[in-house]
Each structure stands twice: as structure tokens, then as C-alpha cells.
Amino acid sequence: MRHLLSTEQLSREHAIQILDTAQEMSAVGEREIKKLPALRGRTVVNLFFEDSTRTRISFEAAAKRLSADVINFSAKGSSVSKGESLKDTAQTLEAMSADAVVIRHWASGAPARLANSGWIDAAVINAGDGTHAHPTQALLDAFTMRAHWAKLSGTPSVGADLTGMRVMIVGDVLHSRVARSNVWLLRTLGAHVTLVAPPTLLPVGVEHWPCEVSYDLDATLDSGVDAVMMLRVQAERMNASFFPSTREYARLWGFDDARLARLDALNLKDTIIMHPGPMNRGLEISSAAADSHRSTVLAQVRNGVSVRMAALYLLLSGEMRSEKTPAVAAQPSPSLPSVKDPS
Amino acid sequence: MNTSSEATGDVQSTSAPAVVSRVVLSAADIDRALTRIAYEILEANKGSQDLLLLGIPRRGYPLAQRLAAKLAASDPSVDPGAIVGQLDVTMFRDDLAQHPTRAPQPTELPASGIDGKTIVLVDDVLYSGRTIRAALDALVDLGRPRAVRLAVLVDRGHRELPIRADHVGKNLPTSSSEKVRVRLSEIDGGAAANDEVVIEAGA
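Residues numbered from 1 in each chain as written. Chains lettered and ligands numbered in written order. Predicted model: local features only at pLDDT ≥ 70, side-chain atom pairs only at ≥ 80, totals over all residues.

## Side note on the overall build of chain A
Moving on, step 1. Each helix and strand in chain A was counted, giving 13 helices and nine strands.
Moving on, step 2. On C-alpha atoms alone, chain A measures out to a radius of gyration of 21 Å, which is about the 20 Å that the 2.2 N^0.38 rule sets for 343 residues.
Moving on, step 3. Expressed along its principal axes, the backbone C-alpha trace of chain A runs to roughly 60 × 55 × 40 Å.
Moving on, step 4. The buried share of chain A, taken over its 343 residues, is 47%.
Moving on, step 5. Taking the intrachain contacts of chain A between residues at least 6 apart in sequence as the baseline, contacts between residues at least 24 apart amount to 76%. (Helix = DSSP H or I, 4+ residues; strand = E, 2+ residues; numbered from the N terminus. Rg over C-alpha atoms; globule rule 2.2 N^0.38 Å. Buried ≥ 20, exposed ≤ 12 C-beta atoms within 10 Å, placed from the backbone. Contact = placed C-beta atoms within 7 Å.)

What follows is the structure, encoded as C-alpha cells:
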């Protein structure tokens with residue numbers, strides 16, 4: 001694994017490795033000294049061409065907890081507004097010897113371009129590109145679900161996947177990179193995903209995705225669900241009339257107080273409500289649902305730091321370098337674990 | 001570090017004819033060495049007061065548990081479950097950039113915490129000393145022990161840092177091309193159900 005660009009190509013083995021590493025990273029957040037020296041002397045650049053609060057702060061906290069140096073870059077107030085291209089911006093960063101570039105871009109595919117064009121040598125982590133992918137968000141959602149799922153079955157979460165979990169992703173699937181990344185990752189981890197959205201907010205070709213599609217939130221709730229993920233209605237991308245009015249949307253596809261009560265009525269006492277944030281309270285999720293004990297919104301933010309620490313650690317130590325210098329790294333064979341490591 | 005012991009078995013059975021290996025410690029030898037180390041620890045600490053054993057994953061942890069059981073056998077006031085912990089040093093290693101990524105193991109400290117305690121670090125093989133350096137760094141981030149001591153089952157020499165073990169099961173003069181394998185039933189189970197320490201000639 002050299003870059004983290006999407007969850008579609010992520011193998012089950014790699015996904016579980018990231019989640020297991022994140023599990024150990026989360027223990028660091030509870031210690032008195034919340035810092036590990038693993039990435040000391042490495043430089044991580046946060047390259048944000050699009051607004052973000054939690055993803056950028058989360059990546060920054062993750063890199064700092066691993067002792068990396070962090071450079072924050074946002075397109076606003078930079079030379080990008082003078083017309084600098086992505087290539088030139090990237091090569092500027094390369095000249096400052098960045099080891100990893102965390103990129104969020106409004107254009108789908110910008111991180112893949114950065115990773116595969118040969119412009120830079122650094123590891124690229126996709127922090128959300130257009131309507132394409134947001135892999136670390138999907139990983140932190142899976143981490144949150146796995147912790148919940150393991151707690152329910154009373155088994156340790158390390159090494160586990162999400163086999164048998166029923167997940168509903170509700171709302172603006174058309175514009176949502178979070179939904180796309182989650183569909184692929186949850187499929188890999190063995191969960192059963194149902195997308196629920198108005199027909200206008202489903203992308204062309206959704207029938208080929210590894211999931212079910214429904215237009216009726218209440219019917220899907222009635223059939224039983226273990227996690228409900230509400231997606232944000234992305235007002236900034238609503239450039240056409242996708243639904244008649246926000247009130248109608250909230251009534252048909254929002255997780256309101258009535259549906260919260262319905263979960264209790266259906267005896268689904270262990271169903272969790274997730275939201276990637278930022279929430280439009282009263283539109284896709286009611287305040288009562290967002291603040292209920294079922295809500296994992298804040299746990300997701302907390303887990304985000306652990307998952308991003310894991311991603312940075314796995315990309316920047318060992319394995320990543322092994323592709324550049326195969327002769328050196330291939331020697332201490334990991335298939336002989338009982339050998340005392342020579343260093 | 002995550003490779004299963006089955007994989008180890010496969011590798012050894014296919015490559016076994018080429019490798020000359022010699023058993024240097026049998027299960028009984030390991031047990032006797034641990035018994036002696038347990039008494040040495042009690043003697044050096046003048047009792048079991050404020051004593052904690054921290055094993056370094058993976059094979060240091062079962063060794064620490066065995067030592068704790070032996071301490072409890074000779075001193076009934078010791079609760080073996082309450083004085084053993086596991087200290088993961090993966091993130092503190094100085095070779096993270098060169099080696100394939102290791103999966104970090106959990107760090108579990110005894111409920112009493114480590115402040116003001118005498119810590120005995122326990123590992124299977126002492127070689128370059130770099131693991132112990134990483135462990136010392138990891139300890140600093142967790143608290144301030146009163147003293148830190150080191151117990152190892154095998155000291156094979158070739159130190160690269162000024163580190164010395166306080167309690168050694170066996171000193172094994174080795175060439176650096178040789179490999180020292182420690183097999184413990186808790187971890188290597190299955191085919192290698194018997195504890196043993198083996199030296200394999202280098203390729």
C-alpha cells in the first residue's frame with residue numbers, strides 16, 4: 001500500500017490491518033502523554049482545496065500525535081487563487097520535502113492524478129475528492145461500527161470484520177463521496193448495505209453497486225437495521241431541483257423524532273445512528289436523534305483521529321519504503337516471526 | 001509480527017534440511033532459568049514490594065506471566081495477575097523507516113500504574129539492545145518508575161547500545177549470522193508445543 005486513494009481496491013486484509021492499528025492508536029488518546037515518536041522528522045502536508053473542519057483538524061491531530069511536522073495549506077489565501085496549477089502546487093510541496101500529502105479537492109480524481117502522475121514522490125492520502133471517495137471517513141465509520149458490533153457480540157474487535165451487519169445509508173447519495181467509499185469498504189468487510197434516497201439523488205449506475213437500493217425509509221427501517229448512516233444534504237451542490245422542498249425531504253428521508261421512536265417500537269434497541277458531519281439539524285437528522293444515546297457522531301470524530309494515525313503510520317513507515325528499496329526491506333522476512341529481530 | 005505460527009511451521013518444514021539447528025535450552029532448562037531469575041528479582045528488590053513485570057510483545061509477555069507465577073509461588077502476598085503488564089514498543093523503534101510495518105500490539109499496564117514502582121522489563125532475547133532502548137522511551141511516556149531492571153531469557157551478545165541485562169537466563173555466545181529462536185507454548189502452540197531455544201546456523 002503506497003497511497004490511500006479509495007476503498008474500492010482496498011483488500012479485506014489491508015482494511016482490517018488499518019482498523020487493528022487504529023485500535024492500538026486509540027489507546028494513545030487516553031494516555032497522559034498523547035504522543036508517539038513513530039513519524040518523528042517526517043513532514044505531512046495538508047493540502048485542502050475545499051473547506052473542511054473535522055477532516056483537516058483530525059489529520060492534523062493525527063500527524064502531530066505521531067510526532068510528524070504538519071504544514072497546512074488551504075487554497076484560500078494561497079497562490080492557487082492567482083491561478084497556480086495543481087502540478088505546480090504539488091511540486092512546490094515536493095521541493096519542501098513532504099513525506100505525505102493529505103489532499104482534499106473539489107475535483108474527483110485529483111488525488112489519483114497527484115499519486116500517479118510522477119509529479120511528487122510522497123505518499124498521497126485522499127481526504128475527499130469531489131463526489132468520488134473519502135476513504136478515511138469510510139474507515140472511521142467502519143471502525144465505529146466494528147467497535148459497536150464486537151461489543152454486541154461480546155467478542156474482541158481486533159481482527160474482526162462486519163459480517164452480518166445491516167447498514168442503511170440514507171440521503172444524498174448522488175453527491176456523497178462518503179456513501180461511495182462506505183459502500184465499497186462495507187462490502188469488503190462483509191456488511192449488508194442498503195441505500196435509501198429519493199430517486200433524484202441516486203447516481204446513474206447505482207444498480208451495479210454491491211448494495212441494495214430503496215426509496216422508502218420507513219419500509220427499510222421496518223425490515224431491521226443495525227446502523228443508520230444519515231448523509232448531509234449538500235446545499236452547495238444542490239444546483240438543480242432534486243426535491244420539491246426541504247420540508248418534504250425532511251418528512252420522507254430525514255431521521256426525525258417519529259423515526260427515532262419507531263426504532264424503539266421495532267425493538268431495535270442496539271441500532272446506532274451515524275452522521276459524517278456537519279449535520280443539518282432538522283433537515284436530514286432531528287436534534288433528538290443527533291443527541292440521543294444511539295448517536296455515534298462524536299465517537300466517529302474521536303475515532304477519526306485514530307484511523308488517520310493508523311493510515312499515516314502504515315503509509316509512512318516500513319512498507320512504503322520497501323517498494324523503493326526492495327533489496328533492503330525484503331531481507332528480514334516477516335514469515336519467520338520467531339527470529340529475534342536483528343536490530 | 002502477525003504471521004501465524006502455522007506459517008512458521010511451513011517455512012521451517014520446507015527449508016529444514018538446509019538449516020542446521022541446535023537446541024540450546026529445553027523446556028526444563030527454560031523453567032529452571034525462570035525459577036532462578038524469579039529468586040534473583042526478589043533478592044535484588046529485597047522482597048516483592050512495589051514490583052511490576054512488563055513483558056515486551058510478543059514472547060516477553062508470556063515469560064513475564066510465568067515469572068509472576070513463580071514469584072507468587074515463593075511469596076504468597078503476590079497476586080500474579082496484578083503485577084504483570086505488556087509494553088508495546090513498536091512505535092518507539094528506531095528502524096520504523098526501514099522495516100516492513102509491524103502491527104502494534106496492545107500496551108496493558110497493571111491497574112496500579114507505574115509511578116514509583118520498580119519495573120522489571122522482560123524479553124526473550126537480548127541482542128542489539130535497541131528493543132530495550134525503545135522500551136525505555138515507551139516507559140517515559142507512561143509515567144516515572146522508581147527503577148527499571150531488565151530480565152531476559154537469552155543474552156546472545158552483539159550489543160549496539162550501552163545496555164546490560166540485570167537477570168539473564170543463559171548467556172549464548174553466537175555469531176551474528178546465526179539465528180536464535182525462542183519457542184514458547186503460549187505463542188507458538190500447535191506443532192511447537194514444547195518450549196525450547198534453538199540456534200540456527202546462518203545461511
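What follows picks up the thread again.
## Some remarks on the domain arrangement of chain A
Moving on, step 1. Here the domain parsing of chain A yields domain 1 (12-133 + 301-323) and domain 2 (135-299).
Moving on, step 2. Counting from both sides, the interface comprises 24 residues of domain 1 of chain A and, opposite them, 22 residues of domain 2 of chain A. (Domains from an automatic or database assignment.)

## Side note on the packing of helix α5 (residues 135-153) of chain A against helix α11 (residues 297-316) of chain A
Residue and element names in this part refer to chain A.
Moving on, step 1. Where α5 meets α11, the closest approach of the two axes is 8 Å, and the angle between their N-to-C directions is 115 degrees. As for how α5 packs across α11, the hand of that crossing is right-handed. Counting all contacts with α5, which are made through T136, L139, L140, D141, F143 and T144, the residues of α11 involved are A299, Q300, N303, G304, V307, R308 and A311.
Moving on, step 2. Looking at the contact of α5 with α11 residue by residue, the class counts come to six nonpolar, five polar and two charged. (Axes fitted to C-alpha atoms, helices over the stretch in contact; angles between N-to-C directions. Left-handed = near helix turned anticlockwise from the far one by under 90°. Nonpolar A, V, L, I, M, F, W, Y, C, P; charged D, E, K, R; others polar.)

## Topic: helix α2 (residues 54-65) of chain A
Residues and elements named next belong to chain A.
Moving on, step 1. If you check α2, its first and last C-alpha atoms are 16 Å apart, about what twelve residues at 1.5 Å a residue would give, namely 16 Å.
Moving on, step 2. Listing the buried residues of α2 in full gives T55, R56, S58, F59, A62, A63 and R65.
Moving on, step 3. Packed against the buried residues of α2 are α1 (12-28), β1 (43-48), β2 (69-74), β3 (100-105), β4 (123-129) and α11.
Moving on, step 4. Immediately beyond the C-terminal end of α2, within one or two residues, lies S67, with a positive phi of roughly 70 degrees. (Expected span 1.5 Å × (residues − 1).)

## Some points on the sheet that holds strand β7 (residues 179-183) of chain B
Residues and elements named next belong to chain B.
Moving on, step 1. If you trace the three strands from one edge of the open sheet to the other, you get β1-β8-β7, paired in antiparallel fashion. On the outer flanks of this sheet lie β1 (21-25) and β7, each paired with one strand and no other. Averaged over all pairs of adjacent strands, the angle between their axes in this sheet comes to 30 degrees, without regard to strand direction.
Moving on, step 2. Looking at chain direction, β7 and strand β8 (residues 196-200) are connected through five bridges and run antiparallel. Residue pairing for β8: V182 is matched across the bridge by V197. (Pairing = 2+ DSSP bridges.)

## Notes on the nonpolar core
Moving on, step 1. Membership of the largest hydrophobic core comes to 144 residues, with the highest contact counts inside it found for A100, V101, V170 and L312 of chain A.
Moving on, step 2. Among the elements that line this core, the one with the most residues is α11 of chain A, at ten residues. (Core = buried A, V, L, I, M, F, W, Y, C linked by C-beta atoms within 7 Å.)

## Considering the sheet that holds β3 of chain A
All names here are of chain A.
Moving on, step 1. On the basis of which strands lie adjacent, the open sheet formed by four strands has the order β2-β1-β3-β4 and parallel pairing. Unpaired on one side and paired on the other, β2 and β4 mark the two borders of the sheet. On average, each strand axis in the sheet is inclined to that of its neighbour by 15 degrees, with strand direction left out of account.
Moving on, step 2. As judged from the five bridges shared by β1 and β3, these two strands associate in the parallel manner. Counterpart to V45 in the pairing with β3 is V101.

## Let's talk about the confidence of the model for chain A
Moving on, step 1. With 92% of its residues at a pLDDT of at least 70, chain A reaches an overall mean of 88.
Moving on, step 2. With pLDDT under 50 throughout, residues 319-343 of chain A is counted as low confidence; its partners more than four residues away or in other chains account for 45 contacts. (pLDDT = per-residue confidence, 0-100.)

## Section: the pairing of strand β6 (residues 192-196) of chain A
All names here are of chain A.
Moving on, step 1. One ladder, built from five bridges, connects strand β5 (residues 166-170) with β6; its direction is parallel. Paired with I169 across the two strands is L195, which belongs to β6.
Moving on, step 2. With helix α6 (residues 177-188) bridging β5 and the parallel β6, this β-α-β connection has right-handed handedness.
Moving on, step 3. Bridge count between β6 and strand β7 (residues 212-214): three bridges; the pairing is parallel. Bridging across to β7, L195 finds its partner in V213. (Right-handed = clockwise from strand over helix to strand, strands pointing away.)

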